[in-house]
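The primary structure of each chain is shown beneath.
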Amino acid sequence: MITKPKGTMDVYGIDAKKREYVNEILRSVCNKYNYNYIETPIFEASELYHRGVGEDTDIVNKETYTFKDRGDRSLTLRPEGTAGVVRWFIENKLYGNITEPTKVFYNGKMYRYERPQAGRYREFTQFGVEFIGSDDILADIDVISVAYNTYNLLGLKNVTIVLNTLGDQDSRDKYRDALIKYFNPLINSLCEDCQKRLKSNPLRILDCKIDSDQDLLKKAPKIIDYLNKESLTRYNNIKEYLELMDINYQEDFSLVRGLDYYDHTIFEIIADVPGLGNIALGGGGRYNGLIEKLGGPNIPAVGFAMGYDRTILAMDNSNVNLKLRDDIDVYIMYVSKTEKETAAYLLQDLRLNGFITETDYLNKSLKAQFKSIERLNPKYLIILNDQDLKENKVTLKDNLTKEEQKIEINNLIDYLDTNI
Ligand code: ATP
Ligand code: MG
């Protein structure tokens, strides 16, 4: 038997419906903010992620699916969505004539070679928004509030925005020096990766999954003490606006993100989920340096991404009541050849008029069709018989009240329209 690859999943039945539901909410939230939907390729030139996400990140270092195609090009399955969107923005020279910022949202499969566990897969789905072309803090707030409003609409109660800043380059350089000074004498207590990170990118140590519980990490210098005046003002403004907009947040000066491209605002959305504790559903931040790093001009941007899988896991464990619709409007029953022909005609007619319509595809007896109806629970049954059809009528049964009536085929759609 061929089984699915490790860390992947098949989504069907109720799980597929949940995804559709989350998707609908995300789309409708994005609509309100005037974000446009974008699709970019699932694979890109490997270089995009090496330069974009960063050589020293776990994502690029350990987690990429990279392969050579038959033309000897090195390609990588996308581990995240931002780099692809930025590549699209630069390639199409959308920076040429900026009169409005570019606001897009995406939704698609991402790939990371991780150790599979609850809420962590090798193929997973992310939704994200990117707001390109504004350095205004209103753009940061816009993105944070998309995340916040989405989770509220999804019915997740215990959700907090965890906020930090990485400051500008100048602040970050000072902070970096302070971290090197602090960690240098402690180098032997760090994990092997962090020992390397100390030289290449000391900020990454703070995001280490192995060392994260260590006291020495908790006591490390905090970015807030190294922010220059501009960066601090900006950070304080963000908090002020979040308060203005009634968005719950918590500061966490040890928050760093898993990707290298952030500066200033960074945030994660954490949910307190029964049975799982605090889990990160999504995260984002400002990435003013990324577009230039990938060969475009110096254009500011901010974005956010969330994982479907953990969001649905959180909704399940929090017993969120989903308003899923899986009910059928009409079931058409038939036996004879002429009845079957009428069934085909009515199926087409009803579906074109917007009714969810089912019938028998297995040549079942009427008795067996009634069994199907018990399972499917349609609102109405259309019971065809040759006698009625001669008078251009059908028997229509209300499946709730069990009342039956004969109705002219010509009046059927009107009747269902007013009664469903
Ligand atoms: P973590 O530290 O939990 O690995 P991350 O910093 O790698 O998260 P991001 O790259 O910011 O996460 O991705 C945003 C969101 O995408 C995460 O909060 C999570 O919901 C989801 N996500 C990331 N990696 C996976 C994965 N392997 N499987 C399922 N969902 C994931
Ligand atoms: Mg990760």
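Residues numbered from 1 in each chain as written. Chains lettered and ligands numbered in written order. Predicted model: local features only at pLDDT ≥ 70, side-chain atom pairs only at ≥ 80, totals over all residues. Heavy atoms only, no water.

J.: Explain the overall build of the chain here, please?
T.: Tallying secondary structure elements over the chain gives 15 helices and 16 strands in all. In terms of overall dimensions, the chain is more spread out than a globule: its C-alpha atoms have a radius of gyration of 28 Å, far above the 22 Å expected for 420 residues. Summarising its shape, the C-alpha atoms of the chain cover approximately 90 × 55 × 45 Å along the three principal directions. In the chain, which comprises 420 residues, the proportion classed as buried is 49%. Here the analysis covers contacts within the chain between residues at least 6 apart in sequence; of these, 69% occur between residues at least 24 apart. Entry remark: accessible area of the chain is about 21800 Å², with carbon and sulfur atoms responsible for 48%. (Helix = DSSP H or I, 4+ residues; strand = E, 2+ residues; numbered from the N terminus. Rg over C-alpha atoms; globule rule 2.2 N^0.38 Å. Buried < 20%, exposed > 50% of the residue type's maximum accessible area, 1.4 Å probe, protein only. Contact = heavy atoms within 4.5 Å. Areas by Shrake-Rupley, 256 points an atom, 1.4 Å probe, with all protein chains shown as cover.)

J.: I'm lost on the site of ligand 1 in this one. Help?
T.: Residues in contact with ligand 1 amount to 18 residues; listed here are only the nearest, Arg112, Glu114, Arg120, Tyr121 and Arg257. One nitrogen or oxygen atom from the side chain of glutamate 114 is found 2.7 Å from a nitrogen atom belonging to ligand 1. Within the backbone of glycine 282, one N or O atom sits 3.2 Å away from an oxygen atom of ligand 1. Considering ligand 1 on its own, with 580 Å² of exposed area, one finds that the protein chains cover 93% of that surface. Contributing elements (two or more residues each) for the shell around ligand 1: strand S6 (123-132), strand S10 (277-286), strand S11 (301-307) and helix H11 (308-317). In terms of residue count, S10 provides more of the shell around ligand 1 than any other element does, three residues in total. Counted by class, the shell around ligand 1 contains six nonpolar, five polar and seven charged residues. (Near = heavy atom within 4 Å. Polar contact = N/O pair within 3.5 Å; in protein donor to acceptor, adjacent residues only side chain to side chain. Nonpolar A, V, L, I, M, F, W, Y, C, P; charged D, E, K, R; others polar.)

J.: Looking at this model, I keep getting lost on the sheet that holds S11. Mind explaining?
T.: Two pairing modes exist for strands in a sheet, parallel and antiparallel, and in both the strands are linked by backbone hydrogen bonds. In spatial order, the strands read S1-S5-S6-S11-S10-S9-S7-S8; together these eight strands make up an open sheet with mixed pairing. Here the strands that pair on one side only, and so sit at the sheet edges, are strand S1 (36-37) and strand S8 (249-251). In the sheet, strand S5 (residues 102-111) pairs with S6 via 10 bridges, with the strands oriented antiparallel. When the sheet's bridge partners are listed, lysine 109 is paired in S6 with threonine 125. (Pairing = 2+ DSSP bridges.)

J.: Hey, could you run me through the confidence of the model for the chain in this one?
T.: Predicted coordinates in areas of low pLDDT are best not read in detail. This prediction gives the chain a mean pLDDT of 93; 99% of its residues lie at or above 70. Mean pLDDT across the secondary structure elements of the chain bottoms out at helix H8 (residues 215-218), with 83, and peaks at strand S2 (residues 43-45), with 98. (pLDDT = per-residue confidence, 0-100.)

J.: What's the story with the domain arrangement of the chain in this structure? I'm lost.
T.: Accessible area lost when the parts come together is the quantity often used to give the size of an interface. Assigned domains within the chain: domain 1 (14-168 + 228-317) and domain 2 (328-419). Measuring from the centre of the C-alpha atoms in domain 1 to the corresponding centre in domain 2 gives 48 Å. (Domains from an automatic or database assignment.)

J.: Please clarify how the environment of tyrosine 35 should be interpreted in this entry.
T.: You can see tyrosine 35 is positioned in the loop between helix H1 (13-32) and S1. A residue is classified by how much of its surface remains accessible, and tyrosine 35, at 3% relative accessible area, is buried. For the pair formed by tyrosine 35 and phenylalanine 131, sequence separation is 96 residues and the distance between their alpha carbons is 8.4 Å. Beyond its immediate chain neighbours, meaning those up to four positions away, tyrosine 35 contacts Cys30, Lys103, Val104, Phe105, Val129, Glu130, Phe131, Asp142, Val143 and Val146.

J.: Got a minute to help me understand the packing of H1 against H11 in this structure?
T.: Working note: a packed helix pair is described by the angle between its axes plus the distance between those axes. Orientation of H1 relative to H11, taken along the N-to-C sense of each, is 105°, at an axis distance of 11 Å. Between H1 and H11, the angle is such that the two are roughly perpendicular. In this structure, H1 uses Lys18, Arg19, Tyr21, Val22, Asn23 and Leu26 to contact H11, whose residues at the interface are Tyr308, Asp309, Ile312, Met315 and Asp316. Taken together, the residues that form the contact of H1 with H11 break down as six nonpolar, one polar and four charged. (Axes fitted to C-alpha atoms, helices over the stretch in contact; angles between N-to-C directions. Parallel < 35°, antiparallel > 145°, perpendicular 65-115°, else oblique.)

J.: Looking at this structure, I do not really get the sheet that holds strand S16 (residues 404-408). What am I missing?
T.: Read from one edge of the open sheet, five strands run S13-S12-S14-S15-S16, paired in mixed fashion. Whereas interior strands pair on both sides, the edge strands pair on one side only; in this sheet they are strand S13 (357-359) and S16. Going from strand to strand, the sheet's axes swing by 30° on average, the running direction of each strand aside. Of the strand pairs in this sheet, strand S12 (residues 330-333) and S13 are connected by three bridges, and their pairing is parallel. If you follow tyrosine 331 over to S13, its bridge partner there is glutamate 358. Those strands touched by helix H12 (residues 337-352) are S12, S13, strand S14 (380-383) and strand S15 (393-398), and its axis lies near 160° from that of S13. Sheet contacts for helix H13 (residues 366-376): S12, S13 and S14; angle to S12, the most-contacted strand, approximately 175°.

J.: Whenever I open this one, the environment of isoleucine 224 confuses me. Can you help?
T.: As for its position among the elements, isoleucine 224 is in the loop between H8 and helix H9 (229-244). Its relative accessible area of 22% is what places isoleucine 224 among the partly exposed residues. C-alpha separation for the pair isoleucine 224 and arginine 234, spaced 10 residues apart in sequence, amounts to 12 Å. Those residues in contact with isoleucine 224, other than ones at most four positions away along the chain, are Leu232, Tyr235 and Phe253.

J.: Would you mind going over the pattern of salt bridges with me for this structure?
T.: Here the structure, examined in full by the defined rule, presents 25 salt bridges. One salt bridge in this structure joins arginine 87 and glutamate 44, with 2.9 Å as the shortest N-O distance. Here the residue arginine 87 occupies a position in helix H4 (residues 82-91), and glutamate 44 occupies one in strand S2, the gap between them amounting to 43 residues. Since its relative accessible area comes to 7%, glutamate 44 is described here as buried. (Salt bridge = Lys/Arg side-chain N within 4 Å of Asp/Glu carboxyl O.)

J.: What exactly am I supposed to notice about the packing of aromatic side chains here?
T.: Within a pair of aromatic rings, the relevant descriptors are the distance that separates the centres and the angle that separates the planes. Scanning the entire structure with this criterion turns up 15 aromatic pairs. Measuring from centroid to centroid gives 6.3 Å for tyrosine 35 and phenylalanine 131, while their planes differ by 80°, and the two rings are edge-to-face. Of the two residues, tyrosine 35 sits in the loop between H1 and S1 while phenylalanine 131 sits in strand S6, which places them 96 residues apart along the sequence. Ring geometry for tyrosine 65 against tyrosine 113: centres 5.7 Å apart, planes inclined by 70°, an arrangement best described as edge-to-face. Of the two residues, tyrosine 65 sits in the loop between helix H3 (58-61) and strand S3 (66-68) while tyrosine 113 sits in the loop between S5 and S6, which places them 48 residues apart along the sequence. Residue class for tyrosine 113 comes out partly exposed when judged on its relative accessible area of 45%. Among the aromatic residues, ring-to-ring pairing joins Tyr37, Phe105, Phe127, Phe267 and Phe304 into one connected group. Lying across the ring of tyrosine 35, lysine 103 places its NZ or CZ 5.4 Å from the centre. (Phe/Tyr/Trp six-rings, centres within 6.5 Å; stacked < 30°, edge-to-face > 60°. Lys NZ or Arg CZ within 6 Å of the ring centre and 35° of its normal.)

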